[in-house]
Amino acid sequence: MSRIFNFSAGPAVLPGAVLEQVRADIPSWRGTGMSVMEVSHRGKDFDEIARKAEQDVRELLGISDDYAVLFLQGGATLQFAMVPLNLSQSGQTVDYVQTGSWSKKAIAEAARFCAMNVAADSAESSFTTIPPVDTWRVSSDAAYLHYTPNETIGGVEFHFIPETGDVPLVADMSSTILSRPIDVSRFGLIYAGAQKNIGPAGITLVIVRKDLVGRARVDTPTLLTYEAFAESGSMTNTPPTFAWYVAGLVFAHLKAEGGLEAMAAINERKAAKLYAAIDESSFYSNPVDPACRSWMNVPFVLADPALDAGFLAKADAAGLKNLKGHRSVGGMRASIYNAMPEEGVDALLEFMVEFERTNS
Ligand SMILES: *Cc1c(COP(=O)(O)O)cnc(C)c1O
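Residues numbered from 1 in each chain as written. Predicted model: local features only at pLDDT ≥ 70, side-chain atom pairs only at ≥ 80, totals over all residues. Heavy atoms only, no water.

Overview of the packing of aromatic side chains
Inclusion rule: Pairing of aromatic side chains here covers Phe, Tyr and the six-membered ring of Trp, requires ring centres within 6.5 Å, and sorts the geometry by plane angle: under 30 degrees stacked, over 60 edge-to-face, intermediate tilted. Numbering of helices and strands runs from the N terminus, with a helix taken as a DSSP run of H or I at least four residues long and a strand as a DSSP run of E at least two residues long. Whether a charge sits over a ring depends on NZ of Lys or CZ of Arg being within 6 Å of the ring centre and within 35 degrees of the ring normal.
Applying the stated criterion across every chain yields a total of 17 aromatic pairs. On the basis of an interplanar angle of 80 degrees and a centroid distance of 5.1 Å, the ring pair of Phe-311 and Phe-355 is categorised as edge-to-face. Placement of Phe-311 in helix α8 (residues 308-317) and of Phe-355 in helix α9 (residues 342-359) is noted, with a sequence separation of 44 residues between them. Taken together, the ring pairs connect Phe-283, Tyr-284, Phe-300, Phe-311, Phe-351 and Phe-355 into an aromatic cluster. Here Lys-105 stacks its cationic end above the ring of Trp-102, 4.8 Å away from the centre of that ring. Here the basic side chain of Arg-180 rests over the ring of Trp-295, its NZ or CZ set 3.8 Å away from the ring centre.

Below is the structure:
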């Protein structure tokens, strides 16, 4: 297989071993003479891999029986609406922390359904910092507090979990889930679109404390309630079977690779190398406060933006793909999720050194 290094922010690189397994399974999955895409989600074979996927992700993240694990559709963006519709009543106050583009979108959507309190906001620093927790203006009666542990576009990541007492903590972990161990018991609800660290687009993981299930507003459509999916094993209607199957392969792969402790060690090393090289050079820079730099998404700019196009074209020709920064911030962004091998980061570093040498 001829593979390049894909630094896309999402849909993103998948582990090569998983893709090989998918390829082998396509014509005749489990000897059925059919692909997994062609079988009933209610059949024994599919049910088995669906349950195993849940069990494996429970094991990876250490999720207790106090939590339901749901496989939904609609992406992380639908959760921007499902969270307020399920966890708050009409007009109730909710607290949100704004640290970048994705939390901003989550806030805009929830503001349609709730009394919005933006408890902290780093817009003033152009989203390069996390406001110190002792400055957050939290409400005493919030239905929940929502934050975005990793801002995929700005490359800002929380390396701590905020303490919210009895107020349920809700996290959009789309671009950081499975990158390291997390203490799930600190959260009321965690959600993540799959296409960064879990699997193909089209499936969304929701981990929700069971006492928060069954509280949706009365007029919420059935398919937008957590309750319906919790009661049906995420099979209220036909689930995205293929995406679920691939996510299951990724979970099994991560377990075989040593689980999330092993992932964390590699991810921390990959990110540290890249930031060190950027910081040591005056040719490249990263604007994010070193205390909250992302392990998963590393944005960087060239001192001379006129060189951006040349950098991207040469990188592309060298097999280093999708390094263009988000249109809202420009420059470059290297997304280095679990499935980006360390050799990919090394190849990028080598390229960056060489590009600097020949262009400065
Ligand atoms: C990608 C992303 C989203 C949007 O996900 P969709 O699945 O496209 O809805 C939301 N939040 C974060 C943090 C993301 O990285």
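Comments concerning unusual backbone geometry
Here is the rule: Relative accessibility thresholds used throughout: buried, under 20% of the residue-type maximum; exposed, over 50%; partly exposed, between the two (1.4 Å probe, protein chains only).
Cis geometry marks the peptide bond from Gly-10 to Pro-11; its omega dihedral reads -10 degrees. Positionally, Pro-11 belongs in the loop between β1 (5-6) and α1 (16-25). Backbone geometry at Arg-30 places phi at a positive 55 degrees, although glycine is not the residue there. Looking at the secondary structure, you find Arg-30 in the loop between α1 and α2 (44-61). The partly exposed category is assigned to Arg-30, whose relative accessible area is 42%.

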